Amino acid sequence: MSAKIIRGLENLPSDLGNTIVTIGNFDGVHCGHRWVIDHVINCARKLSARAIAVTLDPHPAKLLRPDRGLRLITPGDRKLELLAETGLDAVLVLPFNTELANTSARDFATNVLHRALHAQEVHEGENFRFGHDAEAGTDGLAALGKELGFSVHAYAPQSMRGQAISSSRIRTLIAAGNLPQARALLGREFSIDSTPASGRGYGTQYAVPTINLAPYAELLPANGVYITKLQIGEGTEAESFDGVTNIGNRPTFGADSFAVETHLFNFHPVALTETTPLRLTFKLRLRNEIRFPSPEALKAQIGRDIAKAQRYLHLRKTLKSSFSSVESQQA
Ligand SMILES: Cc1cc2nc3c(=O)[nH]c(=O)nc-3n(C[C@H](O)[C@H](O)[C@H](O)COP(=O)(O)O)c2cc1C
Ligand SMILES: Nc1ncnc2c1ncn2[C@@H]1O[C@H](COP(=O)(O)OP(=O)(O)OP(=O)(O)O)[C@@H](O)[C@H]1O
């Protein structure tokens, strides 16, 4: 069952009971986050308590360090959707404003963890910090827990293939176009949610027909050409198409004009409006964006991109089906 999303302390149910809690930004809902969340869920089941994640909206860096221009792996709603699918009982979203930013570690522990959530246990990674100016870590939290009646479980940082799993590391990998490594740390392929935007019509005229995405303000892979999958629509109505996507300024056609545009394979007409939900999943980077001497040269290169993408997708399908047949023979 999917977790209940509760916005603001005032909306907590009065019959909440005791809770096992983890607090964090959870940008990306990556394997490290899910490691901590799985422990929270297991402990909650043993103690017949509710398993709860507390997260902040917007991400504190957006308010405290706007000059850093943080771009999120999972913008607000997508993060909540992923947290809701983990098996938690509830996700409490606290509005991150100057009042919360100025709250001391003691007041947060007293008012949020103890009084509002009746926390029995709080689970965090060892590098967790909280309170005004990130004043306290897990030791400070444990000292407050002793007074207030909750215990603290602090986990060593989880790593994968020798790489620390953290939201910032994953952002760096995605921004560099290294999608296979980002996928390993995220535990799923990187995707973005958007809606359609209209193109200039050059694609159909000179290169290949494409679907353009509406301007997207959060994290994108580096400019270049990628093998992708585009899901059009949601739920039982959704349809998915493999394809190739260009992220960039399309220098072949003159003045820079940034776009994310996808050419779909095996396309058949689908009804698209300005609000149709699109989810674009990035699989592999193929090349840099190039300024070609002519639209014909660009078109020839896109033909080679398509052929390469189709070979890759075919190979992946073949490998997947031979793995699953070996697995079913061994079962
Ligand atoms: C797979 C793919 C690769 C592309 N590669 C380049 C490129 O290297 N250089 C470039 O100038 N434009 C590239 N484009 C963008 C085309 O120029 C673009 O499709 C065209 O400008 C259409 O614009 P419109 O959607 O506004 O009509 C690529 C497009 C696709 C779908
Ligand atoms: N690799 C990990 N191993 C164990 N715990 C982790 C790991 N990554 C995050 N956590 C813990 O999950 C909780 C939520 O993490 P949060 O999103 O705030 O930080 P983060 O993923 O380390 O991000 P950043 O890289 O931006 O610091 C915190 O308790 C954090 O310590």
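With an unreviewed UniProt entry as reference, the chain is termed Riboflavin biosynthesis protein, source organism Terriglobus saanensis. The heading Function (unreviewed entry) in the UniProt record of the chain holds the text "Catalyzes the phosphorylation of riboflavin to FMN followed by the adenylation of FMN to FAD." Note on the chain: under the UniProt heading Sequence similarities (unreviewed entry), the record states "Belongs to the ribF family."

Trainee: Give a description of the overall build of the chain that names residues and reports values.
Mentor: Across its full length, the chain carries 10 helices and 15 strands. Projected onto the principal axes, the alpha-carbon positions of the chain cover approximately 70 × 55 × 40 Å. Counting over 331 residues, the chain shows a buried share of 31%. For the chain, restricting intrachain contacts to residue pairs at least 6 apart in sequence, the fraction spanning at least 24 positions comes to 72%.

Trainee: Describe in detail the sheet that holds strand E2 (residues 19–24), supporting the description with residues and values.
Mentor: The strand order across the open sheet built from 6 strands is E1-E4-E3-E2-E5-E6, with neighbouring strands paired in parallel fashion. The open sheet is flanked by strand E1 (4–7) and strand E6 (151–155), the only strands paired with a single partner. The sheet shows a mean angle of 25° between the axes of neighbouring strands, taken without regard to direction. Sheet analysis places E2 next to strand E3 (residues 50–57), joined by 6 bridges and oriented parallel. Counted as the bridge partner of Thr22 is Ala53 from E3.

Trainee: I'd like to hear about the packing of helix H7 (residues 167–175) against helix H8 (residues 179–186), residue by residue, with values.
Mentor: Helix-helix packing: each pair is described by the crossing angle between the helix axes and the interaxial distance. At their nearest, the axes of H7 and H8 sit 8 Å apart, and the two run at 155° to each other. In this view, H7 runs roughly antiparallel relative to H8, as classed from their interaxial angle. Remark: the crossing between H7 and H8 carries left-handed chirality. Residues Arg169, Ile170, Leu173 and Ile174 of H7 form the contact with H8, whose participating residues are Gln181, Ala182, Leu185 and Leu186. Among the residues forming the contact of H7 with H8, the class breakdown is 6 nonpolar, 1 polar and 1 charged.

Trainee: I'd like to hear about the domain arrangement of the chain, residue by residue, with values.
Mentor: When cut into domains, the chain gives domain 1 (4–164) and domain 2 (189–330). Measuring from the centre of the C-alpha atoms in domain 1 to the corresponding centre in domain 2 gives 35 Å.

Trainee: Any chance you could break down the nonpolar core for me, citing the residues and the numbers?
Mentor: Residues Val21, Ile52, Ala53, Leu83, Leu88, Val91 and Leu113 are the most contacted members of the largest nonpolar core, which totals 36 residues. Contributing elements (two or more residues each) for this core: E2, helix H1 (31–47), E3, helix H3 (76–84), strand E4 (90–95), helix H5 (105–116), strand E5 (119–125) and helix H6 (138–148). Dropping the residues within four chain positions of it, Ala53 is found in contact with Thr22, Phe26, Ile37, Leu83, Leu88 and Val91. Among the nonpolar cores identified, the runner-up in size contains 17 residues, and Leu179, Leu186, Phe190 and Val244 belong to it.

Thresholds applied
- Residues numbered from 1 in each chain as written.
- Chains lettered and ligands numbered in written order.
- Predicted model: local features only at pLDDT ≥ 70, side-chain atom pairs only at ≥ 80, totals over all residues.
- UniProt positions renumbered as here; feature names shortened; annotations may be inferred.
- Helix = DSSP H or I, 4+ residues; strand = E, 2+ residues; numbered from the N terminus.
- Buried ≥ 20, exposed ≤ 12 C-beta atoms within 10 Å, placed from the backbone.
- Contact = placed C-beta atoms within 7 Å.
- Pairing = 2+ DSSP bridges.
- Axes fitted to C-alpha atoms, helices over the stretch in contact; angles between N-to-C directions.
- Parallel < 35°, antiparallel > 145°, perpendicular 65-115°, else oblique.
- Left-handed = near helix turned anticlockwise from the far one by under 90°.
- Nonpolar A, V, L, I, M, F, W, Y, C, P; charged D, E, K, R; others polar.
- Domains from an automatic or database assignment.
- Core = buried A, V, L, I, M, F, W, Y, C linked by C-beta atoms within 7 Å.

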